[in-house]
Amino acid sequence: MGKMGEEKKSGGCMGWFIVLIVVGEIALALALGFTLRNKFHHDDDGDSPVPRPPGPVAQKYGDALKIALQFFDIQKSGKLVNNEISWRGDSGIDDGKEANLDLSKGMYDAGDHMKFGFPMAYTATVLSWAILEYGDQMNKANQLDSAKDSLKWITDYLINAHPEPNVLYIQVGDPDIDHSCWNRPESMTEKRPLIQINASTPGTEVAAETAAAMASASLVFKSSDSTYSNSLLKHAKELFTFADKHRGSYSENIPQVQKYYNSTGYGDELLWAASWLYHATKDQTYLDYVVGSNGETYANWGSPTWFSWDDKRPGTQVLLSRVSFFDSKAATDASLKKYRKTAEAVMCGLLPKSPTATSSRTRSGLIWISDWNALQHPVASAFLAVVYSDYMLTSRTQKIQCDSASFSAKDLRKFALSQANYVLGDNPMKMSYLVGYGDKYSQFVHHRGASIPADATTGCKGWQWLESDQPNPNVAMGALVGGPFLNESFVDDRNNSMQTEPSTYNSAAIVGLLSGLVTTSSVATSFT
Ligand SMILES: *[C@@H]1O[C@H](CO)[C@@H](O)[C@H](O)[C@H]1NC(C)=O
Ligand SMILES: *[C@@H]1O[C@H](CO)[C@@H](O)[C@H](O)[C@H]1NC(C)=O
Ligand SMILES: *[C@@H]1O[C@H](CO)[C@@H](O)[C@H](O)[C@H]1NC(C)=O
Ligand SMILES: *[C@@H]1O[C@H](CO)[C@@H](O)[C@H](O)[C@H]1NC(C)=O
C-alpha cells in the first residue's frame, strides 16, 4: 500500500501521441458510425466528467503486466509464429487429426500438456474482458497487441473445435496418458485422444463458456477484423443455443473430466454466456434470458460467491452491473438491480473494513480460500474489484453501502492494489509469486517445459527432470504459481504442484488485474 498517491489522477498529459490516438478514435468513430467511447477523468470531486485518455503508466504494474503476458507464449501449442521464447518450439501439430480437424493451436492448461476446453474457454473470456475494459491502458503500456495475439491463439482453436452447431471438441489429450510422461511439449509422442460433446452427450457448462469466450472476443476484434469478429459471433450464438437447448452437465455426462475440472453446475455459465451475447449483439432476447426465469433459477441473488473457472456468478453480476451503471433505460429492471446488489455484496465481502468482510484471509490480508492454487481467488476477486471501482468512477457513483458502512471506488481500488502488491512481493515470504518479476520468485515451477533443457532427449520418461534438485533450466516467465498456504508459507519444490504449478486461467486474471492498475482512465461506457 502507500501506493494510492501515484495511482491518483493523472494530470494533463496530452502529448502528441495521445492526441493522435484521440484523433484516430474520432476518425474511426465517424467512419464507422460508432459512438466515441466516453473517456472520463478519474476524480471524485463532483464536477462534470471530462473525456480523458489513459494517464501515465505506473512502472511497477507495467513491468508486471508485460511479464505476465509472456506466460501465454509459453503455453502455446501448434506451429509457433514469431516465437520469442528460446526454449519453446512447435508442438501438438497433429492434434485433432483423428477427427480431420486442426486442433493444433490453443494453449496447454498448466504444467502439463492437456488442452482442457472448459478452463481454456474461461481464460479467453477473462482475457477478452480485460481487453474490453482496459485495452486503452494496455495499449499505453505497449501490451495490447500481445494480449490480442494470445486471445486469438485460443479463439482460433475454439473455432476449429466447433465444426458443427451441436458438436464441440472439449478436450485434447488424456490426462492419465499425459500425466504418465514428463517431457517437453515439443517431444510428445504419446496419444492425444479427443473428446467431443454433442446433442446426445451434451455439456452445457463448456458449450456456454465457449460461447461466452467467442462472444466477448467478437467484441475485441470488431474494429480490427470484422470478418473474424462476425465468425466468432456466429459460433457464439450457435454454441449458446446448443448449450441451452441440450442441457446437461458435462461432468456428469463425461465423468472422466471430474478429476480435473469438475463443474458444480451449468446455470452460471448459461447466465454468463447470455450476458456476453447481450453485450456483443445488444439483442434484447439475451437480456430477457438473464432477467427472466433463468435468473430466478440460477443467479442465486444476494449470496456472494468466489469467481473462478467453475463459478461465473460473480463475473456475471459485475458484467450485468455494467448495464445498470451505463444504460439508464435497462437499469430500471428489478432483476438487473438484484444482479447489481449481489455484485455489491461481493465487493463488500472483499473490503477488509466492511462489516460483511469475509474472514477468508491470511494474516497479512490476502484473500485465501484453498490450498490448491490459492492465488486464483484473490487475483480474480481483485480484478472484479478494480472493474467495479472503475464503473463507479465512470458513472460518478459515490458509494456502495455495506450494512452500516459505506465505501468508495477508491476503497475498492485500494483492495485490488493490496492483492496485486501481495502477489508481487509485499508478503511475509518477501517473494514474488509472478515468475520473472522481482529478485525472488519460484525456481522450481511445476512445469514440464521449464524443467527440461531444450536440448535434452527424454522420450516420455524424463522423470529425472522432475526429481532434479537443481532450479528449472528455463524460466517460466509470467507464470503465476499456485501461491501460499493460509499460514503464508510457500515450499518451492517442483513436485509441490499445489503451490508451484501455474495455470493459463490464473494468467488471464492477473493480466486483467494488472491492466486495471497499470494506469487510470475511465472504463469504456460501451463496448463498441
Ligand atoms: C457424442 O459424444 C459422446 C461423448 O464424447 C461420444 O461418445 C459419441 O460418440 C458422440 N456421438 C457421435 C454421434 O459422435
Ligand atoms: C464432482 O462434482 C459432483 C457434484 O458436485 C460430485 O458429486 C462428485 O463427487 C465430484 N467428483 C469428484 C471426482 O470430485
Ligand atoms: C510427486 O508427488 C506425487 C504425489 O503428488 C507422488 O506420487 C510422487 O511420488 C512424487 N514424486 C517425487 C519425485 O517426489
Ligand atoms: C503452514 O501450513 C502448511 C499447510 O497446512 C503446513 O504444512 C506447514 O507446516 C505450516 N507451516 C508452519 C510454519 O506452520
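- An unreviewed UniProt entry lists the chain under the name Endoglucanase, from Helianthus annuus.
- Of the chain, the UniProt comment under Catalytic activity (unreviewed entry) reads exactly: "Endohydrolysis of (1->4)-beta-D-glucosidic linkages in cellulose, lichenin and cereal beta-D-glucans."

**Remarks on the overall build of the chain**
Alright, step 1. For the chain, the count of helices and strands is 21 helices and 5 strands.
Alright, step 2. Of the contacts formed within the chain by residues at least 6 apart in sequence, a portion of 75% connects residues at least 24 apart.
Alright, step 3. Only carbon and sulfur atoms are counted for the fraction: they give 51% of the accessible area of the chain, which is about 19,800 Å².

**Observations regarding the confidence of the model for the chain**
Predicted coordinates in regions of low pLDDT should not be interpreted in detail.
Alright, step 1. Summarising the model, the chain shows a mean pLDDT of 91, and 90% of its residues fall at 70 or more.
Alright, step 2. When the criterion is pLDDT under 50, residues 1-51 qualifies, and its contacts beyond four places in sequence or with other chains add up to 84 contacts.

**As for the site of ligand 1**
Alright, step 1. In the vicinity of ligand 1, the contacting residues are Q196, N198 and T201.
Alright, step 2. Between ligand 1 and the protein, one listed contact pairs an oxygen atom with a backbone N or O atom of Q196 at 2.6 Å.
Alright, step 3. Between an oxygen atom of ligand 1 and a side-chain N or O atom of N198, the distance comes to 2.3 Å.
Alright, step 4. When isolated, ligand 1 has an accessible area of 360 Å², and the protein chains bury 43% of it.

**Side note on the nonpolar core**
Alright, step 1. Among the nonpolar cores identified, the biggest contains 159 residues, and W129, W276, M347, F383, I400 and L513 are the most heavily contacted of them.
Alright, step 2. Ranked by residues supplied to this core, first place goes to helix α4 (residues 117-140) with 13 residues.
Alright, step 3. Every residue in contact with I400, bar those within four places of it in the chain, is listed here: E344, M347, C348, L351, Y388, M392, A405, S406, F407 and L412.

**Side note on the pattern of salt bridges**
Alright, step 1. Throughout the structure, instances matching the rule amount to 22 salt bridges.
Alright, step 2. Between D94 and K97 there is a salt bridge; the shortest N-O distance is 2.9 Å.
Alright, step 3. Taking relative accessible area as the criterion, D94 reaches 48% and is therefore assigned partly exposed.
Alright, step 4. The residue R413 makes a salt bridge to D390 at a minimum N-O spacing of 3.9 Å. You can see R413 sitting in helix α17 (residues 409-423) and its partner D390 sitting in helix α16 (residues 376-395), a full 23 residues away along the chain.
Alright, step 5. When its relative accessible area of 4% is taken as the criterion, R413 is described as buried.
Alright, step 6. Within this structure, D95, K115, D178, R192 and R448 form a network of salt bridges that share partners.

**With respect to the environment of S249**
Alright, step 1. Assignment of secondary structure puts S249 in the loop between α8 (226-245) and α9 (250-253).
Alright, step 2. Counting along the chain gives 17 residues from S249 to Y266, while the straight-line C-alpha distance between them is 6.3 Å.
Alright, step 3. Within the structure, the side chain of S249 is placed 3.3 Å from the backbone nitrogen of S251, a separation counted as a polar contact.

**Regarding the environment of A330**
Alright, step 1. Position of A330 relative to the elements: it lies in the loop between α14 (313-326) and α15 (334-350).
Alright, step 2. For A330, a relative accessible area of 16% corresponds to the buried category.
Alright, step 3. In the structure, A330 is positioned 46 residues away from Q284 in sequence and 9.9 Å away in space, judged by C-alpha atoms.
Alright, step 4. When sequence neighbours within four positions are dropped, the list of residues in contact with A330 reads L287, V323 and L336.

**Things to note about the state of the cysteines**
Alright, step 1. In the structure shown here, the tally under the stated rule is 2 disulfides.
Alright, step 2. The partner cysteine of C181 in its disulfide is C460, sulfur to sulfur 2.2 Å. Across the disulfide from C181 to C460, rotation about the S-S bond amounts to roughly -100°, and the bridge is consequently left-handed. Taken together, the residues span a long stretch of sequence, with C181 in the loop between α6 (175-178) and β3 (194-197) and C460 in the loop between α18 (448-451) and α19 (463-467) at a distance of 279 residues.
Alright, step 3. One disulfide in the model links C348 with C402; its S-S distance is 2.0 Å. Disulfide C348-C402: torsion about the S-S bond near -80°, hence left-handed. In this pair, C348 sits in helix α15 while C402 sits in strand β4 (residues 400-402), placing the two residues 54 residues apart along the sequence. Across this residue pair, the class does not change: C348 and C402 are buried.
Alright, step 4. Once the disulfide-bonded cysteines of the chain are ranked by sequence position, their pairing pattern turns out to be 1-4, 2-3.

**Notes on the environment of G135**
Alright, step 1. In this fold, G135 is placed in helix α4.
Alright, step 2. Looking at G135, the relative accessible area reads 9%, which means it is buried.
Alright, step 3. Each C-alpha atom of the pair G135 and G516 lies 9.4 Å from the other, and the pair is 381 residues apart in sequence.
Alright, step 4. Among residues more than four places away in sequence, those in contact with G135 are A130 and L144.

**Some words on the sheet that holds strand β2 (residues 168-172)**
Alright, step 1. Reading across the sheet, the 3 strands line up as β1-β2-β3 and stay open at both edges, with antiparallel pairing between neighbours. Edge positions in the sheet fall to β1 (115-116) and β3, since each has one partner strand and no second.
Alright, step 2. Taken together, the 2 bridges between β1 and β2 define a ladder with antiparallel strand orientation. Across the sheet, K115 pairs through a bridge with V172, a residue of β2.
Alright, step 3. On the sheet, helix α7 (residues 204-220) packs against β2 and β3 and is oriented at approximately 100° with respect to β2.

**Brief notes about the side chain of R448**
Alright, step 1. With respect to the secondary-structure elements, R448 resides in helix α18.
Alright, step 2. For R448, a relative accessible area of 2% corresponds to the buried category.
Alright, step 3. Here D178 takes part through its side chain, which lies 2.7 Å from a polar atom of the side chain of R448.
Alright, step 4. Aside from chain neighbours lying at most four places away, what touches R448 is G111, D112, H113, D178, H179, C181, W182 and N183.

**Quick notes on the layout of surface pockets**
Alright, step 1. Roughly 680 Å³ of volume is contained in the second largest pocket.
Alright, step 2. Taken together, 32 residues line the second largest pocket, and the ones lying closest to its centre are Y260, Y261, W372, E501 and Y505.
Alright, step 3. Contributing elements (two or more residues each) for the lining of the second largest pocket: α10 (258-261), α16, α19 and α20 (497-500).
Alright, step 4. Of all the elements, α10 adds the most residues to the lining of the second largest pocket, at 3 residues.
Alright, step 5. Residue classes in the lining of the second largest pocket are distributed as 15 nonpolar, 11 polar and 6 charged.

The rules behind each value
Once a new chain begins, its residue numbering starts again from 1 and follows that chain's sequence as written. Think of it this way: whatever chain is written first is A, whatever ligand is written first is 1, and the rest follow in order. Side-chain atom pairs in this predicted model are given and counted only at pLDDT of 80 or more, local residue features only at pLDDT of at least 70, and totals for whole chains, interfaces and linings cover all residues. Where side-chain values are given, they derive from all heavy atoms of the structure, hydrogens and water being excluded. UniProt positions are given in the numbering used here, feature names are shortened, and annotations may be inferred rather than shown by experiment. Going along the chain from the N terminus, every DSSP run of H or I of four or more residues is numbered as a helix, and every run of E of two or more is numbered as a strand. Whether two residues are in contact is decided by their heavy atoms, any of which lying within 4.5 Å being enough. For every accessible area listed, the method is Shrake-Rupley and the probe measures 1.4 Å; residues are considered covered only by the protein chains on display. On a scale of 0 to 100, pLDDT captures the predictor's confidence in every residue. By convention in this text, a residue qualifies as near a molecule or strand provided that one of its non-hydrogen atoms is within 4 Å of it. Here a polar contact means two N or O atoms within 3.5 Å. Within protein one must be a hydrogen donor candidate and the other an acceptor candidate, and residues neighboring in sequence count only if both atoms are side-chain atoms. Buried Ala, Val, Leu, Ile, Met, Phe, Trp, Tyr and Cys residues form a nonpolar core when they are joined through side-chain atoms within 4.5 Å. Three labels apply to residues, based on accessible area from a 1.4 Å probe with only protein chains included: buried if under 20% of the type maximum, exposed if over 50%, partly exposed otherwise in between. For this analysis, a salt bridge means a side-chain nitrogen from Lys or Arg found within 4 Å of a carboxyl oxygen belonging to Asp or Glu. Note that a disulfide, as used here, is simply two cysteine sulfur atoms within 2.5 Å. Strands were regarded as paired on the criterion that DSSP finds at least two bridges between them. The convention used is that axes are lines fitted to C-alpha atoms, helices contributing only their stretch in contact, and that angles between N-to-C directions extend from 0 to 180 degrees. Buriedness for pockets is judged along seven lines, at least five of which must meet protein on both sides within 12 Å for an open set on the 1 Å grid over protein atoms alone, while cavities are sets there where a 1.4 Å probe fits but cannot get out, and lining residues have an atom within 4 Å of a point. Grid points are joined across faces, edges and corners, and a volume is the space filled by probe spheres set on the points. When residues are grouped by polarity, Ala, Val, Leu, Ile, Met, Phe, Trp, Tyr, Cys and Pro land in nonpolar, Asp, Glu, Lys and Arg in charged, and all others, Gly among them, in polar.

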